[in-house]
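Survey of secondary and tertiary structure
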Amino acid sequence: MFPFFYDVMIIWFNGPSRDNLIKTVPKQKLEIGCNYIEQMRAVDVVCAFDIEIVHKIKPQPGRLYYTREQGQHPGWITARDLIIGGGNSGVIACWVAKKMVIGNEKIYIIGCDWGLSDNSSDDHIYNKGTQRKYTNNIKKTIERLLHGLDVAVVNDATPDVQFPVITQEHLLQELSNK
């Protein structure tokens, strides 16, 4: 399903900073997104942690769907790894990215607004109140998962991450040079 080598991998989190890019970033050879991402963008892999969300999403042909062990559901691949247990959809997306990275691909994380906003671009779908999107444990888990890989978080502000942060304009320039 996926090419043997991809220059760029994009992981779409749900933070509002993704909204400016979701329709402007050219489709990359491998894109992984969280929860309801496919309602806004055709990605290659969808990851969901919340069992309720897994049950609401109907898997589509040509796309992979990953969830945690407790979320087993027809059409979904179960990510069996203890590191995912106390996480969220972003942790699963990073776990999938680590499993799919082949060489020196650049991984861009878009929509990671940790420490900047507790809002999600999908709040209107969740129909829930605002809740914190990350914890120190989740932050450390993602750092461990992606350690040693070429990762940048795309944000015009400075989210609470240990990865390099680049602006949205910088991302678009880098992708246009590929």
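Below is a short write-up of the structure.

Parameters at a glance
Residues numbered from 1 in each chain as written. Predicted model: local features only at pLDDT ≥ 70, side-chain atom pairs only at ≥ 80, totals over all residues. Heavy atoms only, no water. Helix = DSSP H or I, 4+ residues; strand = E, 2+ residues; numbered from the N terminus. Contact = heavy atoms within 4.5 Å. Buried < 20%, exposed > 50% of the residue type's maximum accessible area, 1.4 Å probe, protein only. Pairing = 2+ DSSP bridges. Axes fitted to C-alpha atoms, helices over the stretch in contact; angles between N-to-C directions.

This part takes up the overall build of the chain. The helix and strand tally for the chain stands at five helices and eight strands. What you see in the chain, going N to C, is helices and strands ordered as β-β-β-α-β-β-α-β-α-α-β-β-α. Summarising the internal contacts of the chain: among those between residues at least 6 apart in sequence, 54% fall at separations of at least 24.

What follows is about the environment of Val 101. Mapping Val 101 onto the fold places it in the loop between α2 (89-100) and β6 (106-110). We classify Val 101 as buried; its relative accessible area is 18%. On a C-alpha basis, the gap between Val 101 and Val 8 in space is 9.6 Å, while along the polypeptide they are 93 residues apart. Excluding its chain neighbours within four sequence positions, the residues that come into contact with Val 101 are Met 9 and Leu 149.

With that settled, consider the pairing of strand β2 (residues 30-34). β2 sits mainly inside the fold: five of its five residues count as buried. Taking every second residue as pointing to the same face, both faces of β2 are buried, with Leu 30, Ile 32 and Cys 34 on one and Glu 31 and Gly 33 on the other. Bridge count for strand β1 (residues 8-12) against β2 is four bridges, and the pairing is parallel. Bridged to Ile 11 within β2 is Ile 32. Where β2 and strand β3 (residues 45-48) come together, three bridges link them in parallel fashion. Pairing of Ile 32 across the sheet is with Val 45, part of β3.

The next subject is the sheet that holds strand β5 (residues 77-79). Pairing within the open sheet is parallel, and its eight strands lie in the order β5-β4-β3-β2-β1-β6-β7-β8. In the strand order of this sheet, the two ends are held by β5 and β8 (165-166), each with one partner. With five bridges joining them, β1 and β6 adopt parallel strand pairing. From the neighbouring strand, Ile 11 faces β6, where its bridge partner is Ile 109. Contacting β1, β6, β7 (150-154) and β8, helix α5 (residues 168-176) crosses the sheet at an angle of about 145° to β6.

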